[in-house]
Amino acid sequence: MTPGARLQAAAEVLDRIAAGTPAEQALLGWSRGARYAGSKDRAAVRDHVFDVLRRWRSTAAQGGGESGRARLIGLLRQQGVVPESLFTGEGHAPAALSDDEQAAGRAPEGAEARDLPDWIDTLLAESLGDAAGAAAEALRERAPVFLRVNTLRGDLATAQAALAGEGIETRPHPLAAGALEVTAGARRIAQSQAFAEGLVELQDVASQAVVAALPLVPGMRVLDYCAGGGGKALAMAARLQGSKGGEVAAHDADPRRMSDLPARAKRAGARVQAVAKPKGPYDLVLCDVPCSGSGAWRRSPEGKWRLTPERLDELTGVQAGILDIATRLVTPGGLLAYATCSMLAVENAAQIEAFLARHPGWTLEQQRQFVPGDGGDGFFSAQLRRPA
Ligand SMILES: C[S@@+](CC[C@H](N)C(=O)[O-])C[C@H]1O[C@@H](n2cnc3c(N)ncnc32)[C@H](O)[C@@H]1O
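Owing to the predicted nature of the structure, the values given are computational and were not obtained by experimental measurement. (Residues numbered from 1 in each chain as written. Predicted model: local features only at pLDDT ≥ 70, side-chain atom pairs only at ≥ 80, totals over all residues. Heavy atoms only, no water.)

Observations regarding the site of the ligand
Not every one of the 14 residues close to the ligand is listed here, only the nearest: A227, K232, D252, R257 and D288. Between the ligand and K232, the relevant distance is 3.1 Å, taken from an oxygen atom to a side-chain nitrogen or oxygen of the residue. Contact distances for the ligand include 2.7 Å between a nitrogen atom and a side-chain N or O atom of D288. In isolation the ligand has 600 Å² of accessible area, and contact with the protein removes 77% of it. Broken down by class, the residue content of the shell around the ligand amounts to 7 nonpolar, 2 polar and 5 charged. (Near = heavy atom within 4 Å. Polar contact = N/O pair within 3.5 Å; in protein donor to acceptor, adjacent residues only side chain to side chain. Areas by Shrake-Rupley, 256 points an atom, 1.4 Å probe, with all protein chains shown as cover. Nonpolar A, V, L, I, M, F, W, Y, C, P; charged D, E, K, R; others polar.)

Right, dumping it as structure tokens:
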């Protein structure tokens, strides 16, 4: 496909998304009907679509309209590319710009320029204060790719060398020991031998930092209560089982989400036991709760535009409920760790404040709000100690 044809495909996918089709489904629908598209074409169309989704409001302002075509014109203008050079009408490229389209477009302002819905713009400013502008700006950019070196399989230098041998360049990231930022060859990771042999896992560096900050000691019994795909359970297992052992259990209200976990654990050489009804007591219970995902919107930008105040309310209720249930699973004197990939205070510091008011005797040992400026996704973590 020519660069112009890729833009035309992206415009069509964006129109489907605007009509309500989820982004992944819209992309899949296009790619099923596009047998002529190679893997590079598919990646390029996907990149265009996600670049616009991150900048949904500002590209519409600069492109002078709400259609996929207009937003792509706005995106190209933001990238300093003259749209007329690609919108040529030749072959499968989009039609040339009309006089009206050439004249349309204006500089975005305020929340529109920060590419946030107005109500979230306000919440983010209340949550992060002076850091909100930079966080919003970061959410308009593509996310870096990070790997966690699985120390059950090898050390950082071994992993870096193995990856380099397969054309994947990395550098250590200071936010978490054992974290590698991929600087070249990211698209090769899933097919690499280093990945297949469990030497590295894909995991955001802030997620890694949350697990690295947990006071894990040999012999501990820990539970990942909202395990999902098990990324954090595997990271905890790597820390515990690399020393003198310890038990890691994984639970999720929707066990299907853990379906890949046995294969992932096998690949990583880790022991993680899936449990349907955890009874406890555990020395440490990690609750990586469902959340707005606001810290990860550069990876899943659709979430910015689909979140509603009602859904956020519902989520904060679910989060409080999970914390309350988890208190019963923590041994006296043990630790309850709370994590979200959110930057909104209602899901984070305010949630912890409300927890402490509901559970007298529990103490807050540490909490941290990560922002994209730290290198990884926006993330929050808190460690709560049960009275002995
Ligand atoms: C943020 S995701 C977890 C991601 C995972 N920890 C990781 O590192 O890959 C939140 C998970 O919580 C699960 N969940 C939702 N409500 C729950 C509940 N009441 N109890 C336990 N898990 C729940 C969801 O099914 C989802 O898999």
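Some details on unusual backbone geometry
In this model, G280 is joined to P281 through a cis peptide bond whose omega is 0°. Here P281 shows up in the loop between β7 (273-274) and β8 (282-288). (Helix = DSSP H or I, 4+ residues; strand = E, 2+ residues; numbered from the N terminus.)

Notes on the pairing of strand β6 (residues 247-250)
Bridge count for strand β5 (residues 221-224) against β6 is 4 bridges, and the pairing is parallel. Directly across from R221, in β6, lies its bridge partner E247. Pairing geometry for β6 and β7, over 2 bridges, is parallel. Along β7, the bridge assignment pairs A249 with Q273. Handedness of the crossover joining β6 and β7 through helix α14 (residues 261-268): right-handed. (Pairing = 2+ DSSP bridges. Right-handed = clockwise from strand over helix to strand, strands pointing away.)

Regarding the side chain of H173
Position of H173 relative to the elements: it lies in the loop between β2 (169-172) and β3 (179-184). At 3.1 Å, the side chain of H173 forms a polar contact with the backbone nitrogen of L175. Beyond its immediate stretch of four places on either side in the chain, H173 contacts F146, A179, E181, V205, D374 and G375. (Contact = heavy atoms within 4.5 Å.)

Here's the deal with the sheet that holds strand β11 (residues 379-385)
In space, the 7 strands of this open sheet follow the order β7-β6-β5-β8-β9-β11-β10, with mixed pairing throughout. Edge strands, defined here as strands with exactly one partner in the open sheet, are β7 and β10 (363-370). Sitting on the sheet, helix α12 (residues 205-212) touches β9 (330-340), β10 and β11, and the angle it makes with β11 is about 10°. (Axes fitted to C-alpha atoms, helices over the stretch in contact; angles between N-to-C directions.)

Focus: the domain arrangement of the protein chain
Under the domain assignment used here, the protein chain contains domain 1 (3-108), domain 2 (145-202) and domain 3 (208-385). The C-alpha-based centres of domain 1 and domain 3 are spaced at 37 Å. Counting residues at the interface gives 10 residues for domain 1 and 7 residues for domain 3. Here domain 1 and domain 3 share an interface that buries about 660 Å² over both sides, 59% of which is from carbon and sulfur atoms. The tally of links from domain 1 across to domain 3 stands at 0 salt bridges. Taken together, domain 1 and domain 3 are joined by 5 residue pairs in polar contact (both at pLDDT 80 or more). Within the residue set of the side of domain 1 that touches domain 3, elements represented by two or more residues are α3 (39-54) and α4 (56-63). The biggest single contributor to the side of domain 1 that touches domain 3 is α3, with 3 residues. Residues that form the side of domain 1 that touches domain 3 fall into these classes: 6 nonpolar, 2 polar and 2 charged. (Domains from an automatic or database assignment. Buried area = accessible area lost by both parts, 1.4 Å probe. Salt bridge = Lys/Arg side-chain N within 4 Å of Asp/Glu carboxyl O.)

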